[in-house]
Amino acid sequence: MAIEAPISKFKRTNYRISIILCAAMAVIFAYDGYLSKYEWSMRHGFYEEHVIDNDGKPTSTMIFNRQSPPFFAGAAVLLGGYLLVLRRKKLIADENELVFSDTDKIAYDSIEKIDKTYFEKKGFFVFTYKNENGKEVNRKLSDRTYDNLGAILDHLVAKIS
């Protein structure tokens, strides 16, 4: 029986907030940079201060407001694409190994110890395993990254005991 731990709701929500912020910044800067020159604009005073009062030459603030919106919009699109990819990612604890991805798998035989001291209070545990080179590696798993981590921890403890 394999136990799955999908990417946490906390992490997905943070990406959604970042996307909304980038999109909002793109709209705000585009409005200030391009639409503030019209009389009907509520920000016409901004245009007067940063262009008209400067002898018709835009200040660095106005230049930033005109050039930054594509970058903010691009960041929003990239974060949205990464969120789509991240949605499908999950941690799987099957009968023989912990599977993070197709290339990142840790066999239960290589796990030496589990430190679950802070799991109840802070939501993370650390386990030590030996990699292919025989070197000891510590890996931290947090409930801020994966949901259903308690079931994974219980399964992990049962398998290495």
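Check the entry above for the structure.
I will try to describe carefully the structure that is included in this document.

Parameters at a glance
Residues numbered from 1 in each chain as written. Predicted model: local features only at pLDDT ≥ 70, side-chain atom pairs only at ≥ 80, totals over all residues. Heavy atoms only, no water. Helix = DSSP H or I, 4+ residues; strand = E, 2+ residues; numbered from the N terminus. Buried < 20%, exposed > 50% of the residue type's maximum accessible area, 1.4 Å probe, protein only. Polar contact = N/O pair within 3.5 Å; in protein donor to acceptor, adjacent residues only side chain to side chain. Contact = heavy atoms within 4.5 Å. Patch = residues over 30% accessible without salt bridge, like charges linked within 9 Å, V, L, I, M, F, W, Y side chains within 5 Å. Areas by Shrake-Rupley, 256 points an atom, 1.4 Å probe, with all protein chains shown as cover. Salt bridge = Lys/Arg side-chain N within 4 Å of Asp/Glu carboxyl O. Lys, Arg positive; Asp, Glu negative; His and termini not counted. Charge placed at Lys NZ, Arg CZ, Asp CG, Glu CD. Pairing = 2+ DSSP bridges. Axes fitted to C-alpha atoms, helices over the stretch in contact; angles between N-to-C directions.

**Things to note about the side chain of Ser8**
Within the element layout of this structure, Ser8 appears in the loop between β1 (3-6) and α1 (9-35). Its relative accessible area of 0% is what places Ser8 among the buried residues. Here Arg144 takes part through its backbone oxygen, which lies 2.6 Å from a polar atom of the side chain of Ser8. Once residues within four sequence positions are removed from consideration, Ser8 is found in contact with Asp143, Arg144, Thr145, Tyr146 and Asp147.

**Some details on the environment of Lys9**
With respect to the helices and strands, Lys9 occurs in helix α1. For the pair Lys9 and Val77, spaced 68 residues apart in the sequence, the C-alpha separation amounts to 20 Å.

**A short note on a negative patch on the surface**
Together, Glu39, Glu48, Glu49, Asp53 and Asp55 make up a negatively charged patch on the protein surface. As for its placement among the helices and strands, Asp55 is situated in the loop between α2 (44-50) and α3 (60-67). Take Asp55: its relative accessible area is 77%, and that puts it in the exposed class.

**Quick notes on the sheet that holds strand β6 (residues 124-130)**
A sheet is described by the order of its strands in space; here three strands give the open sequence β5-β6-β7, paired in antiparallel fashion. Edge positions in the sheet fall to β5 (111-115) and β7 (136-142), since each has one partner strand and no second. Direction aside, neighbouring strands of the sheet carry axes that sit 20° apart on average. Sheet analysis places β6 next to β7, joined by seven bridges and oriented antiparallel. The residue bridging Phe125 from the neighbouring strand is Leu141, located in β7. Its contacts with the sheet place helix α6 (residues 149-160) against β5, β6 and β7, and it is angled at close to 135° to β5.

**Structural notes on the sheet that holds strand β4 (residues 105-107)**
Through backbone hydrogen bonds, the strands of a sheet pair up, either in parallel or in antiparallel fashion. Here four strands make up an open sheet; going across it, the order is β1-β2-β3-β4 and the pairing antiparallel. The sheet is open, and its two borders are formed by β1 and β4, each paired with just one other strand. This sheet shows a mean twist of 15° between the axes of neighbouring strands, independent of strand direction. Direction of pairing for strand β2 (residues 90-93) relative to strand β3 (residues 97-99): antiparallel, over a ladder of two bridges.

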